[in-house]
Amino acid sequence: MRVSTHTAAFGRAAGPPRTLLPALLLAALLLLGACEINRYNSAEDHYNNQRYAAAIQELDSYIQTGNNGALVTRSELLRSQCYYELGLLALQRESFDLAIKFFKLSNSREADQALGRIYKDMADKALEQDNQRLSLDFVNAILREIPDSELTAEMLSRRIGFQLDTFIDHEGAWQDYMKLFDGYPNNVYEVAARKQILRIVPNMIDYARRLYTTGYYSDGLRILFELGKYPVVDGTLNNQMIAEAYIGQAEDYLKGQNYLEADRFFRIAVQYDPAKKAQVDRRLEQVASLFITRGNELVAQRDFENALIHYQKTYDIIPDYPLANQAIARMNTIRENVALAKEIQVQAEKAELSGKYAEALNLYRQANNLDSQADFGTKMAQMQNLIAAQADPAAFARRIISEYRGGLLNSRIQRQRQELLRAYNPNEIRDSGWKFMISSGQFKYEARYDLVTPTISYYYVWQVNLRDRTITPLNKLSENLME
């Protein structure tokens, strides 16, 4: 027990009591803080006694090493004020380059305003000396380096004058005017610049018109929309031009058969120029009629589903469009007739296969009345031919030959015979006349005609298809006769 007590006593003697540590730390912090305050106060004393360079030197050193954030911030502000005071001193001595340097280092609002005044004075002097390039350089310096300067509106107006009258940069002048109006509407300098900028506005308007009338709608509209934001154009006339551009764009969509987009752009045009409503309404009705026309074409192609889509699209343009209602009703009737015609066609084909040509002819006529088609017309003609062929095939074949191209074959054969009579005696010419006989295949006949002489003979032969009344030459001589 004695040993433990000794050890404990020894441990307490090894260092300062624990209650002393916070106090020591606090004392150290206070000492450091006091040191930093003294450094700041020293710099402030230099400032108060107009020893600005000495103050700046001490402030630079403290700002780099200081730990007290609040004092560092105050030091930066004090340093800025020192540079500002140095700038004023340089300005008093008319050392403008040095003043500019100090004001830039100050980087404060009041220094910026002083810097702007220096630039403005230099711009004025350059202008008095007729050095417009240099004057513009100082104007640019104000606008570039001091964007929130109290001189901004005046300098923008002045630069607009340079761009319009001296350096001819109309685009730059317009960009500056937009900045001027956006930042200082109805300011005395904006009003003055407005009068100047009006000189180039007519050219901008003409350029916009050339763009949209030659198909560059977006480019033309961009200029018109931009002009419309500023009091440099007649709003009504500007909107009329915007409407014209949209109408032109709508017409292009019409040419491309994009009717819905055409309708949308026509309606936008009316929003900008209500006076065009009657014109646009007529055009929209024409657009709707284009849907009807296209729908009718699809009906003729028996594409009823797409035809209905086109008819119904007109309702987006003209609600409950009467012509569309009529077209849909007509289409439904045609669709029903087409379906019925197909049923009758099946019956007609069965009658034809059974050799009941008169019955088939009647059925094909009924189908054609319901759905007039070239195929039905062909079938009706074939049935009439087959009915005649059934009654007397040879007589029908003779009739086909004699009616071919208005009796062409007969007349040319007789002409050939007359030529032979000039060279031979009648008893030297054997004329076979027309001969008809069954050929290979159903409802096909051969038609022959021979002209024979002692030295030359002509043997004409054709195949006659009684079903479709076609005539096919079976040798070269017969082919030549038909040409």
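Residues numbered from 1 in each chain as written. Predicted model: local features only at pLDDT ≥ 70, side-chain atom pairs only at ≥ 80, totals over all residues. Heavy atoms only, no water.

An account of the overall build of the protein chain is requested, with residue identities and associated values reported.
When helices and strands are counted, the protein chain shows 22 helices and five strands. Against the compact-globule benchmark of 23 Å for 483 residues, the protein chain has a radius of gyration of 53 Å, which places it well outside the compact range. Dimensions along the principal axes, computed over C-alpha positions, put the protein chain at roughly 160 × 100 × 55 Å. Counting the 483 residues in the protein chain, one finds 40% classified as buried. Within the protein chain, counting contacts between residues at least 6 apart in sequence, those at least 24 apart form 48% of the total. Accessible surface for the protein chain amounts to roughly 27,700 Å². Of this, 52% is attributable to carbon and sulfur atoms. Counting 57 positive and 60 negative side-chain charges, the protein chain places the averaged centre of each group 7 Å from the other. (Helix = DSSP H or I, 4+ residues; strand = E, 2+ residues; numbered from the N terminus. Rg over C-alpha atoms; globule rule 2.2 N^0.38 Å. Buried < 20%, exposed > 50% of the residue type's maximum accessible area, 1.4 Å probe, protein only. Contact = heavy atoms within 4.5 Å. Areas by Shrake-Rupley, 256 points an atom, 1.4 Å probe, with all protein chains shown as cover. Lys, Arg positive; Asp, Glu negative; His and termini not counted. Charge placed at Lys NZ, Arg CZ, Asp CG, Glu CD.)

Report on the packing of helix H7 (residues 132-145) against helix H8 (residues 152-165), specifying residues and quantitative values.
At a closest axis distance of 10 Å, the pairing of H7 and H8 adopts a crossing angle of 145 degrees. The handedness of the crossing between H7 and H8 is left-handed. Judged by residue contacts, Gln 132, Ser 135, Leu 136, Val 139, Asn 140, Ile 142 and Leu 143 of H7 engage Thr 152, Met 155, Leu 156, Arg 158, Arg 159 and Phe 162 from H8. Here the contact of H7 with H8 is built from residues that sort into seven nonpolar, four polar and two charged. (Axes fitted to C-alpha atoms, helices over the stretch in contact; angles between N-to-C directions. Left-handed = near helix turned anticlockwise from the far one by under 90°. Nonpolar A, V, L, I, M, F, W, Y, C, P; charged D, E, K, R; others polar.)

Could you give an account of unusual backbone geometry, with specific residues and numbers?
Phi at Asp 130 is positive, roughly 60 degrees, even though this residue is not glycine. Here Asp 130 lies in the loop between helix H6 (109-128) and H7. The class for Asp 130 is exposed, based on a relative accessible area of 59%.

Quick one: what's the story with the nonpolar core, residue by residue and with numbers?
Trp 174, Tyr 177 and Phe 266 are the most contacted members of the largest nonpolar core, which has 84 residues in total. For Phe 266, the contacting residues outside a window of four places in its chain are Ile 247, Ala 250, Glu 251, Leu 254, Val 280, Arg 283, Leu 284 and Val 287. Counting residues in each nonpolar core, the second largest holds 39 residues, with Ile 401, Ala 447, Tyr 449 and Tyr 458 among its members. (Core = buried A, V, L, I, M, F, W, Y, C linked by side-chain atoms within 4.5 Å.)

Can you explain the pattern of salt bridges? Please cite residues and give values.
Counted by the stated rule, this structure contains 29 salt bridges. Salt-bridge contacts for Glu 403 lead to Arg 469; the nearest nitrogen and oxygen are separated by 2.4 Å. Here Arg 469 lies in the loop between strand S4 (457-465) and strand S5 (470-473) and Glu 403 lies in helix H20 (residues 393-403), a separation of 66 residues in the sequence. Note on Arg 469: relative accessible area 28%, which makes it partly exposed. In this structure, the salt-bridge partner of Arg 448 is Glu 446, at a minimum N-O distance of 3.2 Å. Exposure remark for Glu 446: the relative accessible area of 17% places this residue in the buried category. A single network of salt bridges, built from pairs that share partners, joins Lys 120, Asp 124, Glu 154 and Arg 158. (Salt bridge = Lys/Arg side-chain N within 4 Å of Asp/Glu carboxyl O.)

Could you give an account of the side chain of Glu 446, with specific residues and numbers?
By the secondary structure assignment, Glu 446 is in strand S3 (residues 444-452). Of note is the side chain of Glu 446, whose polar atom sits 3.2 Å from the side chain of Arg 448. When near neighbours in sequence (up to four residues on either side) are disregarded, Glu 446 contacts Lys 435, Phe 436, Met 437, Ser 439, Val 461, Trp 462 and Leu 474. (Polar contact = N/O pair within 3.5 Å; in protein donor to acceptor, adjacent residues only side chain to side chain.)

Outline the confidence of the model for the protein chain, listing residues and values.
For the protein chain, mean pLDDT is 89; residues scoring 70 or higher make up 93% of the total. This stretch, residues 1-15, has a pLDDT under 50; its non-local contacts, to residues over four places away or in other chains, come to zero contacts. Counted against residues more than four places away or in other chains, residues 27-31, with its pLDDT under 50, gives zero contacts. (pLDDT = per-residue confidence, 0-100.)

Hey, could you go over the packing of aromatic side chains for me, with residue numbers and the actual values?
Counting across every chain of the model gives 20 aromatic pairs. Here the aromatic rings of Phe 181 and Tyr 230 are separated by 5.4 Å at their centres, their planes lie at 80 degrees, and the arrangement is edge-to-face. Pair noted here: Phe 181 is in helix H9 (residues 170-183) and Tyr 230 is in the loop between helix H12 (217-228) and helix H13 (235-255), with a separation of 49 residues, a long-range link. Judged by centre distance (6.0 Å) and plane angle (20 degrees), the ring pair of Tyr 246 and Tyr 272 falls under stacked. Here the residue Tyr 246 occupies a position in helix H13, and Tyr 272 occupies one in helix H14 (residues 259-272), the gap between them amounting to 26 residues. (Phe/Tyr/Trp six-rings, centres within 6.5 Å; stacked < 30°, edge-to-face > 60°.)

Give me the lowdown on the pairing of S5, citing residues and values where you can.
Across four bridges, the pairing between S4 and S5 is antiparallel. Bridge pairing in S5 links Trp 462 to Pro 473. What sits between the antiparallel neighbours S4 and S5 is a turn of four residues, in which Arg 469 has the positive phi angle 65 degrees. (Pairing = 2+ DSSP bridges.)

Before we move on, could you go through H14 and cite the residues and values that matter?
Here H14 is 14 residues long and its end C-alpha atoms lie 20 Å apart, about the 20 Å a rise of 1.5 Å per residue gives. Every buried residue of H14 is listed here: Tyr 259, Ala 262, Asp 263, Phe 265, Phe 266, Ile 268, Ala 269 and Val 270. Its side-chain oxygen at 3.4 Å from the backbone nitrogen of Glu 261, Asn 258 defines the N-terminal cap of H14. (Expected span 1.5 Å × (residues − 1).)

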